[in-house]
Amino acid sequence: MARSRAHVWFVAPAVTLMFVILILPILIAAVLSFTDYSLGNDGAQYVGLKNYERIFTRSTYEKMFIATFTYVGVVVPLSVGLGLGAALLINSLKRFGDLYKTIYFLPVMAALLAMAIVWEFALHPTIGIVNKTLATGCGTVLEHWAWYAQGCAKTFPLWLTDRNYAIWTVAFIGVWQGFGFNMVLYLAGLTSVPRELYQAAEMDGARTGWDRFRLVTWPMLGPTTVFVVTITCIRSFQVFDTVEAFYPQGGGPSKSVYVMMFAIYEKAIQQNLMGIGAAITVVFLGFVMFLTLMQRWLVERRVHYS
Amino acid sequence: MSDATATAAVRERSSDDQFVLRWSSREALKHAVLIVGALIVLLPFYVMLSYSFKSPSEIMTNTGGLIGLQEPFRDDYCVKLGNAAEDCMVTPVIYNYTTAFGKAPLLRYLFNGAVVTASIFFIQVLIALPCAYALAKLKWWGREFVFSMVLFCLLIPVHAIALPLYIMLSKLGLTNSYAALVIPWTISVFGIFLMRQFFMTVPDDLIDAARMDGMNEFAIIWKVMLPTAVPALLAFAIFSVVAHWNDYFWPRIVITGNRELFTPPLGLREFKGDADGDNFGPMMATATIIVTPLIVAFLIAQRRFIEGITLSGMK
C-alpha cells in the first residue's frame, strides 16, 4: 500500500463538496425552519415551532399531505405491480419480448415536462384525443356502463381541471412514466432466479403457474421488490414537473394536487417565505430518509448476497 | 387484434427437430395485453409527433391521420406583418418546425442543455474517480469515516434540499448563471459509491505493477484505473446525462427570466406559457426536438441505456 499522502488530494475535493452541497444545506434548512427568514430581509426572527405548527394544523398543508400521500399511494403500488406484471409477461414470451421492453421503457427516457405538456393536450376536454376516442365508443355496448353513458350524454371528464379527477390523472401519468423502469429492474431480477428451483418446486407439487410464482418467483424477487418499492416511493414523493406544468398557480383544482415539492417551490421560491419552505423541506427529508433507512434495514435482514 | 394472433403464431422446435407453426391462445392473450399496454404507452408520443406535423385546423378538428394532409395554410401572423395573403401560405410541417426554432432561441436552449449536462458529467467524474480510488485501493486514517459519510449522503436527494441550496447560491450572487445549474450536481455520491464498488474488483497486482513501473498515484488513476472502469463509467454517463438533460425542477428554481440560460425543458415551458391556438403545432415540434436526442440514442444503444438507467439497482 502506498505511504504517500496522495489520498488527501483524492479525497479532499469530494469530502468538501459533500459537506458544502449535501450536509450543510440540511443544517441550514433545519435552522431556517425555526425562523421567518426571507431573502433580502436579513433580520430573521426566531419563531420557535410556529412553522411546524402551521404545517400540521392549517388546511392548506393538510391538503398538501393528502395530495402527496394519495399520489404516492396510487403510483407506488400501480407502477410496481404493472412493472412486475409486464416483466413476467415479457419474460414468458417466446418472441417479441424485446420490442415491448423497448416501448415500455420509452417514457423513462423522455423529459417528463415535455410529455406532461403533451398529455395535457391529449387530455384536453374538447380537442384532446382521449375524449374524442371515448366519444367514438358512444352508442355501442359500452353505454351499459353508467359512467360511460353519462360521459356520452353530457361530456367526458375534464381530466385535469375537475377536482374529482385531477390527482388521479396526474398519478396516472406518474404510473405511465415510471412503470417501465420497474419492469426493467424486475426483468433483471428474473434472470437471476435459478432454473432448478422451478424444477424442484414442480417435484414438490407446484403444478400451476400461480404456485410457481408464489413459491419461487415472488420470494426470489424479494430484494428487487424492496429496492423497486423504495426507489418508486422516493421518486413519487419528489413529483413536481407534471404538477407545475398543469397548474403553475396554486396546485390544481381546490389544491387537490398540491404536492410537497410544489409547496416548497411555491412558498419559498415564489412567495419568498423561506421559513415555512425550510420546515416543509425538513419534513420531506424526514420521510425520504426514513424510507431509505427502512429499505437498508430490510435488505440487511432479508437479502442474502451470493 | 389480428396482429396479436399473428405474432402468437409461434414457431416451436418439436422433438424431431422440425419447425412447426403453432397457434397458442395463451401466447395470443399475452400479446393482446401487452399490445394494449403498448398503445397506451405510445399514445402521447403519437400525439406529439403527429401534431408537430399538422396544421392548426387539423389539430383543432383532430383530422388528418398521423402526418396531416400537408395542405398549405395561411400564416395569420405573416399577414398581420403586412404581407400579401398569397405570400403567407405555409406548409404545416415546415411552419411548425421553423417556428419552433424561430420564435424562441431553441438552438440556444439545446446548446445550454448540452453544455450543462456535459459539464456536470465531467466534473462528477473528476471528483468521484480519485475519491473512489482512495476508498477502494489506498489505506489511510479516516477511510471508514469518509465511506460512511458517502453512505449517509446517498440518503439525500438533491432536489429535496433545493431550497437551502438556492439560498446559498443567491447569497453568493450565483443564481441565473451556468454555475448555478452545475454546482449542486458536481458531487455525485452515487458515482463515488459505484466506482468504489467497481474498483474493489480490480486486482491489486495491476496497481502494484504500475507502481513498480514508477507511476505515481495520479497517473495510476487516469492511466490504469480509468481505462478499466470504462463500462461502469459509460453506464454512469448515461444515468447522469439522462437525469440532467431532462431535469426541470432545479433549472426552474435558479434560472429566472434570463432566456440566454434556459435549458430545453425551461424553453418548452415558456413556450407553453404564451402559446395560443395557432402555436400548438410549433409547441409539439419543440417538444419533439427536445425529446428526440435521448430517444434516438436509446433506440441505438438500448442495452447500454437500460444498464445505465437501472444502474442504481445494481447494488
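None of these values were measured; they are calculated from a predicted model.

A. Examining the overall build of chain B more closely. Helix and strand counts for chain B stand at 17 helices and 4 strands. Considering only contacts within chain B whose residues lie at least 6 apart along the sequence, 64% involve residues at least 24 apart. Here chain B has roughly 14,500 Å² of accessible surface; of this, 65% comes from carbon and sulfur atoms.

B. Geometry of the packing of aromatic side chains. For the coordinates displayed, the defined rule picks out 42 aromatic pairs over all chains. Through a chain of ring-to-ring contacts, three or more aromatic side chains come together here, namely Phe56(A), Phe65(A), Phe69(A), Phe237(A), Phe284(A) and Phe287(A). Positioned above the aromatic ring of Tyr258(A) is the side chain of Lys255(A), whose terminal nitrogen or guanidinium carbon lies 4.1 Å from the ring centre. A cation sits over an aromatic face here: Arg196(B) above Phe147(B), 3.8 Å from the ring centre.

C. Examining the UniProt feature "transmembrane region" (unreviewed entry) in chain B more closely. Residues and elements named next belong to chain B. The UniProt entry lists residues 32–53, 109–133, 145–166, 178–199, 220–242 and 280–301 under the feature "transmembrane region" (unreviewed entry), expressed in the numbering used here. A helix fraction of 91% and a strand fraction of 0% characterise residues 32–53, whose end C-alpha atoms lie 30 Å from each other. The annotated region residues 109–133 carries 100% helix and 0% strand content, and the separation between its end C-alpha atoms amounts to 36 Å.

D. Focus on the nonpolar core. Counting 202 residues, the largest nonpolar core has Leu22(A), Tyr104(A), Met195(B) and Phe199(B) as the members making the most contacts within it. By residue number, the principal contributor to this core is helix α6 (residues 106–137) of chain B, which donates 16 residues. Two domains each provide a minimum of three residues to this core, namely domain 1 (2–102) and domain 2 (104–313) of chain B. Setting aside anything within four residues of it in sequence, one finds Met195(B) in contact with Leu129(B), Ala132(B), Ala229(B), Ala232(B), Leu233(B) and Phe236(B).

E. Representation of the domain arrangement of chain B. Residues and elements named next belong to chain B. The domains assigned to chain B are domain 1 (2–102) and domain 2 (104–313). The gap between the C-alpha centroids of domain 1 and domain 2 is 33 Å. Contact residues are listed per partner, giving 16 residues for domain 1 and 19 residues for domain 2. Both faces combined, the contact of domain 1 with domain 2 buries some 1,400 Å², and carbon together with sulfur accounts for 75% of it. Taken as a group, Met48, Ala100 and Phe101 account for 40% of the area that domain 1 buries against domain 2, more than any other trio of residues on that side. Connecting domain 1 to domain 2 are 0 salt bridges.

F. The arrangement of the side chain of His7(A) in detail. Within the secondary structure, His7(A) is located in helix α1 (residues 6–32). A relative accessible area of 13% means that His7(A) is categorised as buried. In this structure, His7(A) is in contact with Ala134(B), Leu138(B) and Trp140(B), ignoring residues within four places of it in sequence.

G. Summary view of the pattern of salt bridges. Scanning all chains against the criterion turns up 11 salt bridges over all chains. The salt bridge involving Glu27(B) is made with Lys94(A); its shortest N-O contact spans 3.8 Å. Of this pair, Glu27(B) sits in helix α2 (residues 25–51) while Lys94(A) sits in the loop between α3 (59–92) and α4 (97–109), each in a different chain. For Lys94(A), a relative accessible area of 44% corresponds to the partly exposed category. With a closest N to O distance of 2.8 Å, Glu120(A) and Lys272(B) form a salt bridge. Residue Glu120(A) is located in helix α5 (residues 112–122), and its partner Lys272(B) is located in helix α15 (residues 264–273); the two belong to separate chains. A relative accessible area of 23% means that Glu120(A) is categorised as partly exposed. The class for Lys272(B) is buried, based on a relative accessible area of 18%.

H. Examining the side chain of Thr224(A) more closely. All names here are of chain A. As for its position among the elements, Thr224 is in helix α11 (residues 222–237). By relative accessible area, which is 16% here, Thr224 ends up buried. When neighbours within four sequence positions are excluded, Thr224 is seen to be in contact with Leu185, Tyr186 and Gly189.

I. A look at the UniProt feature "domain: ABC transmembrane type-1" (unreviewed entry) in chain A. With numbering aligned to this structure, UniProt lists the feature "domain: ABC transmembrane type-1" (unreviewed entry) at residues 65–295 of chain A. Taken end to end, residues 65–295 of chain A has its terminal C-alpha atoms 22 Å apart, with 74% of it in helix and 0% in strand.

J. Structural view of the layout of surface pockets. If you add up the space inside the second largest pocket, you get close to 880 Å³. Of all the secondary structure elements, the ones that give two or more residues to the lining of the second largest pocket are α3, α6 (129–136) and α8 (166–191) of chain A together with α2 of chain B. The element best represented in the lining of the second largest pocket is α2(B), accounting for 8 residues. Split into classes, the residues belonging to the lining of the second largest pocket amount to 24 nonpolar, 4 polar and no charged.

K. Structural detail: the state of the cysteines. Residues and elements named next belong to chain A. Within the structure shown, the criterion is met by 1 disulfide over all chains. Cys138 shares a disulfide with Cys152; S-S distance 1.9 Å. Of note, the bridge from Cys138 to Cys152 carries an S-S torsion of about -95 degrees and is left-handed in sense. Linking Cys138 in the loop between α6 and α7 (146–153) with Cys152 in helix α7, this pair joins segments that are 14 residues apart in sequence.

Criteria and thresholds
- Residues numbered from 1 in each chain as written.
- Chains lettered and ligands numbered in written order.
- Predicted model: local features only at pLDDT ≥ 70, side-chain atom pairs only at ≥ 80, totals over all residues.
- Heavy atoms only, no water.
- Helix = DSSP H or I, 4+ residues; strand = E, 2+ residues; numbered from the N terminus.
- Contact = heavy atoms within 4.5 Å.
- Areas by Shrake-Rupley, 256 points an atom, 1.4 Å probe, with all protein chains shown as cover.
- Phe/Tyr/Trp six-rings, centres within 6.5 Å; stacked < 30°, edge-to-face > 60°.
- Lys NZ or Arg CZ within 6 Å of the ring centre and 35° of its normal.
- UniProt positions renumbered as here; feature names shortened; annotations may be inferred.
- Core = buried A, V, L, I, M, F, W, Y, C linked by side-chain atoms within 4.5 Å.
- Buried < 20%, exposed > 50% of the residue type's maximum accessible area, 1.4 Å probe, protein only.
- Domains from an automatic or database assignment.
- Buried area = accessible area lost by both parts, 1.4 Å probe.
- Salt bridge = Lys/Arg side-chain N within 4 Å of Asp/Glu carboxyl O.
- 1 Å grid on protein atoms, 1.4 Å probe; cavity = no way out; pocket = protein on both sides within 12 Å on 5 of 7 lines; lining within 4 Å.
- Points joined across faces, edges and corners; volume = space filled by probe spheres on them.
- Nonpolar A, V, L, I, M, F, W, Y, C, P; charged D, E, K, R; others polar.
- Disulfide = S-S within 2.5 Å.

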